[in-house]
Amino acid sequence: MPRSAFPARQTRRISWDAVRVVAVISVMLGHITHQGPLAHRELDNYPFRVTAQFGAAGLMVVSAFFVCQTARRGHGRRWFWRKVARLVPPYLVAVMVTYLAMRTAGAAFNREGFAGGGWNLLFGPTSDGRVWASSWYVPVGGDLLINLLMIQSWHDGFIWLDGSYWTLPVQLMVFAGAAVLWAWARGLRTGRRIQWLVWAMVAGPLVLRYWVFGVDNPSPWEFGLINGLGLHRMHAFAAGIGIWLWSRDRIGGRHLALLLGATVCAQDLHLYPEHMTLPGDPARLPSDIGFAVMLITICAVAKGPDWTFLWPLAPLVTWLAGISYGVYLLHQELGYLLAKALLEAGFGGWARLPVVIVASIGLGWLLTVTVERPVFRWLTTSRRPPAPPVARASGDDSLPAPAGPARVSVGGRS
C-alpha cells in the first residue's frame, strides 16, 4: 500500500497494539496449557504446552515506557487518577465475578453444598467445612475481602482468586511513585540520577532478596516486603524506563544492552530462585528467551517505524489491544473452571482450547464495554457547569469569551 494511502497524521501505532496482543495471547496460552494442568491434573491433555512465562513482564515493560511518555505531560495527581479510574473498577468487578464463579463451580466439582441462609451461601464455608476437598478451591468471604483490597502478596497464607491479579497492585504502586517523581522529585529524573535510579530498581531487589534476606524460608515480614511492594518485579519497569531513555537518546545503545541483559538475569533469578540449587526447570529457558525477544521487539517498536505491513489486520489487532486488560483479568481462573466443565461434558484438549480462548476474549470484551470504558469516562469527565460568558467592554474586542471546560477524551491504555 502506498504511503499516501495512510492518514497524514496517525495517532495510534499498530506496532504497540501488536506487542500488547502478542503479550496477552502468550499469557493466555501459558495459563491455559501449562499453568492450568499444573494446578488441576485432569486438564493435562492439551495438544501442546506453552511453558514460557514472559507476557506479563512484557506488558509491564510497555507500561513503564508509556509512564515516561505520558506522566510528564500533565499534573501528577490528575495523571495518577486516570490510571486508577482505568484499572481499578474493572478489577473489582472481575474479583467479584471470579469469586462467585469459584464458589459455585468449585462446590459443584467437589460435590459439596452450602448450609444455612443467604450469608453462608455467599460467604460461608461449605457444609462439610472443607475448602480443599480437591484442587478446586472454594473461597470464603475473607478471600473476597483480601482480593478486593489487593493485599494478597503481603502474606504467603493469603489466597489469590486469580493468579493474574498480581500485576495490578504492583502497577498501581509504580504509577503512584511515578506521579510523585514527576510532580515533586524532579531532581531524580534529570541527568544521570535517573540512570542510577533505573539500575537501583534492577539490582536493589536482588541484593535484598539474595544477600540480605536469603531465598530459603524468609520470615513473614520479609516475604511481605519483597512481594507486597512488588520489588521482585521492579526490573521490568526499569527496562521500560531504560528503553524510553534510549529512544530519546539519553543513554547509548551499549548502556541499554547492558541494562536489558541485567533485566533478563533479574527476571530469571526472581522467577526461578530454586534453580540455584535445583537446575533444570523446563520453563526457565523458554521464559528467559521469550522475555529477551520481547525486550528486543519493544526496542524496535520504540525507536523504529510503525509496522505498516500489519495494516490489513489493523481493525482486529486494535480491537484486541483495546480489550486486552479485560481479557487479562478474566481468562485464567474462569478459563480453568470452563475447561473443567467442558472436560466433564466430554470435550478433549483440541476442542477445549479454542472454546476457552474465545470465551476469554468474549468475557474481556464484555468487561471492557460494560465497566472499563463507561466507568472511566464517568470518573474522568468534568461535570462542572460551564463558566458564564464574560461581558465585553464596549469597543473592546480583545477579550475573548472563555470556553466551558473541555471534555476529557478517552485515549489508549498505557
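See the structure above.
Residues numbered from 1 in each chain as written. Predicted model: local features only at pLDDT ≥ 70, side-chain atom pairs only at ≥ 80, totals over all residues. Heavy atoms only, no water.

A short note on the overall build of the protein chain
Along the backbone of the protein chain there are 15 helices and zero strands. Pairs at least 24 residues apart make up 75% of the contacts formed inside the protein chain by residues separated by at least 6 positions. As displayed, the protein chain offers around 20700 Å² of accessible surface, 66% of which is attributable to carbon and sulfur atoms. (Helix = DSSP H or I, 4+ residues; strand = E, 2+ residues; numbered from the N terminus. Contact = heavy atoms within 4.5 Å. Areas by Shrake-Rupley, 256 points an atom, 1.4 Å probe, with all protein chains shown as cover.)

Considering helix H15 (residues 349-380)
With 32 residues, H15 ought to run about 46 Å at 1.5 Å a step, and its terminal C-alpha atoms sit 44 Å apart, in line with that. Its maximal kink placed at Thr368, H15 deviates by approximately 45°. Looking at H15, one finds that the buried residues are Gly349, Arg352, Leu353, Val356, Ser360, Gly364, Leu367, Thr368, Val371, Glu372, Phe376 and Thr380. Contacts from the buried residues of H15 go to helix H1 (14-39), helix H3 (76-109), helix H12 (314-322), helix H13 (324-330) and helix H14 (332-344). (Expected span 1.5 Å × (residues − 1). Bend = angle between axes of the 7 residues up to and from the residue. Buried < 20%, exposed > 50% of the residue type's maximum accessible area, 1.4 Å probe, protein only.)

Here we look at unusual backbone geometry
Phi at Arg111 is positive, roughly 60°, even though this residue is not glycine. Assignment of secondary structure puts Arg111 in the loop between H3 and helix H4 (118-123). For Arg111, a relative accessible area of 64% translates into the label exposed. Even without being glycine, Asp249 reaches a positive phi, approximately 60°. Checked against the element boundaries, Asp249 lands in the loop between helix H9 (234-247) and helix H10 (253-271).

Some words on the packing of aromatic side chains
Evaluation of the coordinates by the stated rule reveals ten aromatic pairs. Summarising the aromatic geometry, the rings of Phe65 and Phe66 are spaced 5.5 Å apart at their centres and angled 75° between planes, so their arrangement reads as edge-to-face. The buried category is assigned to Phe65, whose relative accessible area is 3%. Here the aromatic rings of Trp132 and Tyr137 are separated by 4.6 Å at their centres, their planes lie at 40°, and the arrangement is tilted. When its relative accessible area of 11% is taken as the criterion, Tyr137 is described as buried. Here the guanidinium or amino end of Lys83 rests over the ring plane of Phe175, the centre of that ring lying 5.1 Å away. A cation over an aromatic ring shows up here: Lys340 above the ring of Phe109, its NZ or CZ 5.8 Å from the ring centre. (Phe/Tyr/Trp six-rings, centres within 6.5 Å; stacked < 30°, edge-to-face > 60°. Lys NZ or Arg CZ within 6 Å of the ring centre and 35° of its normal.)

Some points on a nonpolar patch on the surface
On the surface, Leu316, Trp319, Leu363, Trp365, Leu366 and Val369 cluster together into a nonpolar patch covering about 520 Å² of accessible area. Contributing elements (two or more residues each) for the nonpolar patch: H12 and H15. The biggest single contributor to the nonpolar patch is H15, with four residues. You can see Leu363 is positioned in helix H15. Accessibility expressed as a relative area gives 35% for Leu363, which makes it partly exposed. (Patch = residues over 30% accessible without salt bridge, like charges linked within 9 Å, V, L, I, M, F, W, Y side chains within 5 Å. Salt bridge = Lys/Arg side-chain N within 4 Å of Asp/Glu carboxyl O.)

Let's talk about the packing of helix H2 (residues 55-70) against H9
Between H2 and H9, the least distance of the axes is 7 Å, while the angle of their chain directions is 45°. Here H2 lies oblique to H9, going by the angle between them. Crossing angle aside, the handedness with which H2 passes H9 is right-handed. Between H2 and H9, the contacting residues are Ala57, Met60, Val61, Ala64, Phe65, Cys68 and Gln69 on the first element and Ala236, Phe237, Ala239, Gly240, Ile241, Ile243, Trp244 and Ser247 on the second. Residues of the contact of H2 with H9, tallied by class, amount to twelve nonpolar, three polar and no charged. (Axes fitted to C-alpha atoms, helices over the stretch in contact; angles between N-to-C directions. Parallel < 35°, antiparallel > 145°, perpendicular 65-115°, else oblique. Left-handed = near helix turned anticlockwise from the far one by under 90°. Nonpolar A, V, L, I, M, F, W, Y, C, P; charged D, E, K, R; others polar.)

Brief notes about H2
Taking 1.5 Å per residue as the helical rise, H2 with its 16 residues ought to reach 22 Å, and the 22 Å between its terminal C-alpha atoms agrees with that figure. Judged by how many residues are buried, H2 sits mostly within the fold: 14 of 16 residues are covered.

Thoughts on the nonpolar core
With 47 residues, the main nonpolar core has Trp16, Val61, Phe237, Ile241, Ile243 and Ile298 as its most contacted residues. Among the elements that make up this core, the one with the highest residue count is H9 (ten residues). Setting aside its immediate chain neighbours within four residues, Ile298 contacts Trp16, Val19, Gly58, Val61, Val62 and Ile243. By size, the runner-up hydrophobic cluster in this structure holds 40 residues, among which are Tyr137, Met150, Leu172 and Leu337. (Core = buried A, V, L, I, M, F, W, Y, C linked by side-chain atoms within 4.5 Å.)

A word on the packing of H3 against H15
With their axes 9 Å apart at the nearest point, H3 and H15 run at an angle of 145° to one another. Pair H3 / H15 crosses with right-handed handedness. Facing Trp81, Arg82, Ala85, Arg86, Pro89, Pro90, Val93 and Ala94 of H3, the residues of H15 in contact are Leu367, Val371, Glu372, Arg373, Val375, Phe376, Leu379 and Thr380. Classifying every residue of the contact of H3 with H15 gives eleven nonpolar, one polar and four charged.

Some points on the environment of Leu313
Here Leu313 is to be found in the loop between helix H11 (284-303) and H12. Taking the C-alpha atoms as reference points, Leu313 and Ile14, 299 residues apart in sequence, are found 9.2 Å from one another.

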